[in-house]
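Remarks on the overall topology
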Amino acid sequence: MNFDFSDDQKFLKSEARKFLAARCPSATVRGVLDVPAVSYDAGLWKAVAEQGWLGAAIPEAFGGLGLGGIELCAIAEELGRALAPIPFSSTVYFVAEALMLAGSPAQRARWLPRIAVGEAIGCFATVERAGVLTESQVQARVDGGKLTGVKIPVTDGDVATLAVVLAKQGGRPGLYLVELAAAGVTRQTLETLDPTRGAARLTFADAPAEPMGEPGEGMALAEAVLNRAAVLLAFEQVGGADRALEMARDYALTRYAFGRPIGGYQAIKHKLADIYIKNELARSNAYYGAWALGDGAAELPVAAAAARVAAGEAFWFAAKENLQTHGGMGFTWDVDCHLFYRRAQQLGLVAGGAKAWKERLVAQLERRNAA
Amino acid sequence: MDFNDTPEEAAYRDEASAWLKANAPKRAGGAANLLDDPASMEDCRAWQRTKAEAGYACITWPKAWGGGGGAPWQSVIFGQEEARVETPGNPFQIGLGMCVPTVMTAGNEADKERFVRPAVRGEEIWCQLFSEPAAGSDVAASRTRAVRVQGKDGNGEDWVINGQKVWTSGAHYSDFGLLLARTDPDVPKHKGLTMFWIDMRAPGVEVRPIHQMSGASNFNEVWFTDLRVKDAQRVGAVGEGWKTSLVTLMNERLAIGGGGGAGHRTILKLAQDISTLAGSAVKDSALREKIADWFVQAEGLKYTRYRTMTALSRGQTPGPESSIGKVVSASLMQDMANAAMDLEDQFGIIVDPAIAPLAGAFQTALMNAPGLRIAGGTDEILRNIIAERVLGLPQDVRLDKDVAFKDIPTGR
C-alpha cells in the first residue's frame, strides 16, 4: 500500500510551493484582477515555463520532462493554492492532454514542444449555451476543413494560441484543432466571476480546422479529456481549499471579540472542523483520481467524477466559510477572501458543474453494478 | 500512488491468509448477547487463544507479554485478512485496546504479570468504567467516590467505592474493569481522580443492562455500593487518574474497519424497484445527486484509511486525517437511512425483516445511527478535537478549571 505522494513527488511539491510563495503572492493575483486589460500574468507564465511545469507530463521527445500524471497533480495543487493567474489548466490539463490522447503524430510534434516552453497557450472550446454540455447543444460545424460557429464561454480563449474545438461534421461530433490567429476567428473578452482567469466568446467563420482523433468520436474524446482535467482541477481545488482553511484559522486566532479570539468559540471551531473534514475527504478522493490518472486505470471515469464532486464541494465550502469567518472585512475588496470565493466558483464550473458530474458518477456506478 | 502491497507486505498477507484459512473456526458467532449464549463466548475465547499461540493476537505487543512483536502495518494487514473469514465476535477489544495497555503503562509490576498474558489469550475480559450519568463528554467530572480506609485485616489501606458508571460495553460478561474514581473533591476536577482495577464479580458491583432506543442492550449501568478494593489495585498514583485515563484513550485501537451497514450500492438497488410520482426512483435526479454525495464521502473515508495505512507501512505516525472517520460515517449512515425510508414512502415504517425491503437494513441503521453519533466522542466533541488538536484553535472557556470539584455547579 502506497497511497501518498512519493518522496520525489513531495520534494517537487515543496519546491513548487516555495517558488509560488515567492513568485505568486496575492499581489500577483491582484495585478491581474485590478487591470481589466490584463487577463493573465505573463511574467509568471514565463517563469513557470522555465520551471518545466508546462511540460511536466509531456514526453521528453516533445521537449517535456516526461514525468507522470501524479507529478502534474502535485504541481496543480500548488497552483491552486497560490490562485496562479495563468492559463495553465487550459493549456496543460485540457489541450496538451487532448493532443496526447487524440492528436496525430504531426499535431503532437508541432504543438507539444511549443506548449512545453510556454510559446503556445491552449483553450478547450466546447460549450455554446447555458446548461450541461450535450451533443445536441453543439451547433458549430466543420465543412471542407473550415469551422463555423460560436463557442462561449471559452476559458483563456482571449489569450490562447490554439483551441481544441468540439464541432460537428456531417452531423457527427468531432474534436478539431484551430489556430486562433487564423483568418475567420474573432474573439470577444467576457466579464467573468473570476477575472484572474480570463474567458472569451470565440466566433468562427470558415476558420481552418484540423480534425483530432476519429470523426464522430467527439463526445467520447471530450469526455476523456474532461476526466483527465477533472482530476488535475481537483488538485487545484484541494490546494485552494487548504489555503482558505489556513486563512480562516489564522484570522480566527488573531481576531478578538468579547474578550477572546473568535477561534475559541464553538461556532467558529466547528465550522473550521467541517472545512477540514471536507478538505480531507476531497484530498483522499483526489489521490484516488491521481492513481487512476497515473496508472491509466479503467476506474478513471468513476475516480475523476468522485474527485471532482468532492473537491468542488470542499473548495466552495472552504471559500465561503473563510469569508464568513472574516466577517465584514471578508466582504471588502482589500482582503483576499473574495479571490478564493471567485476561484472556487470558476474552478467548480470550468469543466462542468457539480450537477453534471454527480450524474456522470451515478451513471458510472450503475454500469459498474450491472457488470 | 499504488494500491498494491510491497513485496514484504504481500508476503506477510499470504502468510496470514494461509494461516487463517487453516485455523479459523468453522462455527461463527456474533458479538452481541454473548451472555445469552455461553457456547458463542467459548468460541470467542478459543479463537483468541489460537491467535495468541500463533503470535496473531496483539501483534504489535512485545513477545514477552504474549504479543506478536510485530509492526503496526502487520496488525492492519492481519485485521483485513481476518475480516475476510468468518470468525467469532471480539469481546476482547476494549480490554486489549484500552484497559490492558493502561495497566501496562501505569500499573505496578505485579499487575502486569497478573493481567497481561491472560488478557491476550482471551482468558479474561475487561471493560472500561469511565462514563457516568453526569460525566459524558466531560469525563473528568466523574463523581464515583473512592474513600481511603484502614485495611480490613489491619494490613495497609483499602478504598471504599460508591457511585455509578454508565454506557459500559460488555460489563455483563467482563471479569475486570478499569475504573476512574473521585478520590479528592477538594481540588479541581482533573486533579482529584484516581484509577483502579476492580473485580467485576466482587460484592458491591451490580450490572444492569441499558434498554437502548433500538431495543437492543449492548451497554450497561454499573453500580458500586461499598465496593472494597485494595490500595494495590490502584493503577497509577493517587490524583493522577486523569493523566492515566488519557493513556487509555490514546490507546484506542486504530479504527481501520469499514463503515459497514447498508450503503450507496444498496440504495441504488432499492431505487430500481420503487416508483415516484415522476417515474422510477432510480431516475430521480434529487436521489441521484444524494447518492453521488454519499459515494464521495464513503470513498473519501476509505481512501483516508489508505493514507493512514500508508503512513504506518512507511513507519511514520499517521497524520491527523484519521480523526474524521466517525464524525463522517455516523451522519452518513443516518442520512442514507432516512433517505431510504423516504424512498420506501409509507412502507418505510415497517421494521419487520420478513416484510421490509432489504430485510429492514435501513430501518435498523436509522435506529442505530443516533448511538453511533454519540458513542466514543459525540459529533460535537470530535469537532472540538479537530479544531483544537489539528487546527490549533483555543480550548473552550472552562469555568470549572480552577474550582474545587465539590464547588462546581452541577445542574442536578
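In this text the structure is predicted, and so the values were computed from the model without any measurement.

Details of the overall build of chain B
The helix and strand inventory of chain B stands at 11 helices and 10 strands. Rg of the C-alpha trace for chain B: 23 Å, near the compact-globule value of 22 Å for 412 residues, within the 12% margin. Each of the three principal axes of chain B carries a C-alpha extent, and together these read 80 × 55 × 45 Å. Pairs at least 24 apart in sequence give 68% of the contacts found in chain B among residues at least 6 apart.

Some remarks on the nonpolar core
Residues and elements named next belong to chain A. Counting 224 residues, the largest nonpolar core has Ala163, Val164, Val165, Val178, Leu272, Ala306 and Ala307 as its most contacted members. The greatest single-element share of this core, amounting to 20 residues, is contributed by helix H7 (residues 218–254). Ignoring anything within four residues of it in the chain, the contact list for alanine 163 reads Cys123, Ala125, Val154, Gly157, Val178, Leu180 and Leu202.

Observations concerning the pairing of strand E2 (residues 145–150) of chain B
All names here are of chain B. As judged from the six bridges shared by E2 and strand E3 (residues 157–169), these two strands associate in the antiparallel manner. Looking at the pairing, valine 149 lines up with aspartate 158 of E3. Joining the antiparallel neighbours E2 and E3 is a turn of six residues, in which glycine 154 adopts a positive phi near 85°.

Focus on the domain arrangement of chain A
All names here are of chain A. The domain boundaries assigned to chain A delineate domain 1 (7–116), domain 2 (122–216) and domain 3 (219–370). Inter-centroid distance (C-alpha atoms) of domain 2 to domain 3 is 28 Å. Taken together, the contact pairs 13 residues of domain 2 with 11 residues of domain 3. Along the lines of polarity and charge, the residues of the side of domain 2 that touches domain 3 split into seven nonpolar, three polar and three charged.

So, the packing of helix H7 (residues 264–272) of chain B against helix H9 (residues 325–344) of chain B
Helix-helix packing: each pair is described by the crossing angle between the helix axes and the interaxial distance. Residue and element names in this part refer to chain B. At a minimum axis separation of 10 Å, H7 and H9 run at an interaxial angle of 5°. In terms of their interaxial angle, H7 and H9 are classed as roughly parallel. Across from Ile267, Leu270 and Ala271 in H7, the residues of H9 making contact are Met336, Ala340 and Leu343. Residue composition of the contact of H7 with H9, grouped by class: six nonpolar, no polar and no charged.

Brief notes about the interface of chain A and chain B
Each side of the interface is counted separately: chain A has 38 residues, and chain B has 37 residues. Going through the elements one at a time, H7, helix H8 (266–295), helix H9 (300–325) and helix H11 (354–370) of chain A are the ones with two or more residues in the side of chain A that touches chain B. In terms of residue count, the dominant contributor to the side of chain A that touches chain B is H8(A) (16 residues). By residue class, the composition of the side of chain A that touches chain B is 21 nonpolar, nine polar and eight charged.

A look at the environment of Ala74(A)
Residue and element names in this part refer to chain A. Tracing the backbone shows alanine 74 in helix H4 (residues 69–81). Sequence separation between alanine 74 and glutamate 236 is 162 residues; the distance between their C-alpha atoms is 9.1 Å. Not counting the four nearest positions on each side in its chain, alanine 74 is found in contact with Phe5, Gln9, Leu12, Lys13 and Ala16.

Observations concerning the packing of H8(A) against H9(A)
Residues and elements named next belong to chain A. At a closest axis distance of 8 Å, the pairing of H8 and H9 adopts a crossing angle of 155°. The angle between H8 and H9 falls in the class roughly antiparallel. For the pair H8 and H9, the sense of crossing is left-handed. Counted by class, the contact of H8 with H9 contains 18 nonpolar, four polar and four charged residues.

Overview of the confidence of the model for chain B
All names here are of chain B. Of all residues in chain B, 94% attain a pLDDT of 70 or more, and the chain-wide mean is 90. Taken together, the stretch residues 29–33 has pLDDT below 50 and engages in 12 contacts with residues farther than four places along the chain or on a different chain. The ipTM, which scores confidence in the relative placement of chains, is 0.94 for this predicted complex, and the corresponding pTM is 0.93.

Notes on the environment of Arg260(A)
In this structure, Arg260(A) sits in strand E10 (residues 260–261). On a C-alpha basis, the gap between Arg260(A) and Tyr93(A) in space is 45 Å, while along the polypeptide they are 167 residues apart.

A word on helix H2 (residues 38–54) of chain B
Residues spaced three or four apart along an α-helix face the same direction, because each turn holds 3.6 residues. Residue and element names in this part refer to chain B. With 17 residues, H2 should cover 24 Å at 1.5 Å per step; its first-to-last C-alpha distance of 25 Å lies within 8% of that length. Ser40, Met41, Asp43, Cys44, Trp47, Gln48, Lys51 and Ala52 are the residues of H2 that are buried. Summarising the axial view, the buried residues of H2 lie within an arc of 170°, below the 170-degree limit, and thus occupy one face. Facing away from the buried side of H2, by more than 90 degrees, are the exposed residues Pro38, Ala39 and Glu53. Of the residues trailing H2, glycine 55 is marked for its positive phi of about 80°.

Calculation rules
- Residues numbered from 1 in each chain as written.
- Chains lettered and ligands numbered in written order.
- Predicted model: local features only at pLDDT ≥ 70, side-chain atom pairs only at ≥ 80, totals over all residues.
- Helix = DSSP H or I, 4+ residues; strand = E, 2+ residues; numbered from the N terminus.
- Rg over C-alpha atoms; globule rule 2.2 N^0.38 Å.
- Contact = placed C-beta atoms within 7 Å.
- Core = buried A, V, L, I, M, F, W, Y, C linked by C-beta atoms within 7 Å.
- Buried ≥ 20, exposed ≤ 12 C-beta atoms within 10 Å, placed from the backbone.
- Pairing = 2+ DSSP bridges.
- Domains from an automatic or database assignment.
- Nonpolar A, V, L, I, M, F, W, Y, C, P; charged D, E, K, R; others polar.
- Axes fitted to C-alpha atoms, helices over the stretch in contact; angles between N-to-C directions.
- Parallel < 35°, antiparallel > 145°, perpendicular 65-115°, else oblique.
- Left-handed = near helix turned anticlockwise from the far one by under 90°.
- pLDDT = per-residue confidence, 0-100.
- Expected span 1.5 Å × (residues − 1).
- Arc of directions from axis to C-beta.

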